[in-house]
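# Coordinate analysis (summary)
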Amino acid sequence: MTKQKIVIKVSMPCEKSRSKAMALVARASGVNSMEVTGDGKDRLQVVGDGVDPVCLVACLRRKIGYAEIVQVEEVKDKKPEEKQPEPPKPVPCYYPAPPCYYPPATVVCSDEPSPCSIM
């Protein structure tokens, strides 16, 4: 079932009638939470699964007095979509370049003719 929020305007002039209305709503099947709202504390906000707003208002009218449905809407879960944690990225392996050692060049300078005939 879908979760829904129902706002009901109820004639609740005193604290006694407010607590009586709250107790009545709390006994209704499917009610998860409720609160008194509005500027004049004259509205009941009921949140629940499968709550029948018409039946709830009829019961309030019988026991309390004037009651009317102001709003009925579907409640979306406030939880953001669960993001699956990304797998850790592999750490690239950097191997140091092998050291390049060249033997020092030896230069021999001589003025004598070379026995090599190619030169």
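Here, every reference points to the structure presented above.
Here we summarise the structure given alongside this text. Everything quoted here is computed from the prediction, not taken from an experiment.

## Digging into the sheet that holds strand 3 (residues 43-49)
- With respect to topology, four strands assemble into an open sheet ordered 2-3-1-4, the strand pairing being antiparallel. Strands at the two margins of the open sheet, each flanked by one partner only, are strand 2 (31-37) and strand 4 (67-74). Strand-to-strand, the axes of this sheet are offset by a mean angle of 20 degrees, without reference to chain direction.
- Across six bridges, the pairing between strand 2 and strand 3 is antiparallel. Directly across from V36, in strand 3, lies its bridge partner L44.
- The strands that helix 1 (residues 15-27) touches are strand 2 and strand 3; relative to strand 2, the one it contacts most, it runs at about 160 degrees.
- Of the strands in this sheet, strand 1 (3-10), strand 3 and strand 4 are in contact with helix 2 (residues 53-63), which crosses strand 4 at around 155 degrees.

## Focus: unusual backbone geometry
- In this model, K41 sits at a positive phi of 50 degrees, which is unusual for a non-glycine residue.
- With respect to the helices and strands, K41 occurs in the loop between strand 2 and strand 3.

## A word on helix 2
- Within the sequence span of helix 2, burial applies to P53, L56, V57 and L60. Down the axis of helix 2, the buried set is contained in an arc of 95 degrees. They therefore lie on one face. Facing away from the buried surface of helix 2 by more than 90 degrees, the exposed residues are V54 and R62.
- Against the buried residues of helix 2 lie strand 1, helix 1, strand 3 and strand 4.
- Backbone geometry just after helix 2 places G65 at a positive phi near 145 degrees.

## Side note on the packing of helix 1 against helix 2
- Running from amino to carboxyl end, helix 1 crosses helix 2 at an angle of 145 degrees, the nearest separation of the two axes being 10 Å. For the element pair helix 1 and helix 2, the recorded crossing hand is right-handed. In this structure, helix 1 uses K20, A21, L24 and V25 to contact helix 2, whose residues at the interface are L56, C59, L60 and K63.
- Among the residues forming the contact of helix 1 with helix 2, the class breakdown is six nonpolar, no polar and two charged.

Calculation criteria
Per chain, residue numbering runs from 1 following the sequence as it is written. Given that this is a predicted model, residues contribute local features only at a pLDDT of at least 70 and side-chain atom pairs are listed and counted only at 80 or more, while totals for whole chains, interfaces and linings are drawn from all residues. Each side-chain value is derived from all of the structure's non-hydrogen atoms; neither hydrogens nor water enter the calculation. Think of it this way: DSSP has to see at least two bridges between two strands before they count as a pair. Helix and strand labels come from DSSP, where a helix needs a run of H or I of at least four residues and a strand needs a run of E of at least two; each type is numbered from the N terminus. Working convention: axes come from line fits to C-alpha atoms, limited for helices to the stretch in contact. Angles between N-to-C directions cover 0 to 180 degrees. Two residues form a contact once any of their heavy atoms are found within 4.5 Å. Using a 1.4 Å probe on the protein chains alone, a residue whose accessible area is under 20% of its type maximum counts as buried, one over 50% counts as exposed, and one in between counts as partly exposed. Throughout, the arc means the angular range of directions from the helix axis out to the C-beta atoms. Definitions for this section: a left-handed crossing has its near helix turned counterclockwise from the far helix by less than a right angle. A right-handed crossing has that turn clockwise. The classification used treats Ala, Val, Leu, Ile, Met, Phe, Trp, Tyr, Cys and Pro as nonpolar, Asp, Glu, Lys and Arg as charged, and all other residues, Gly among them, as polar.

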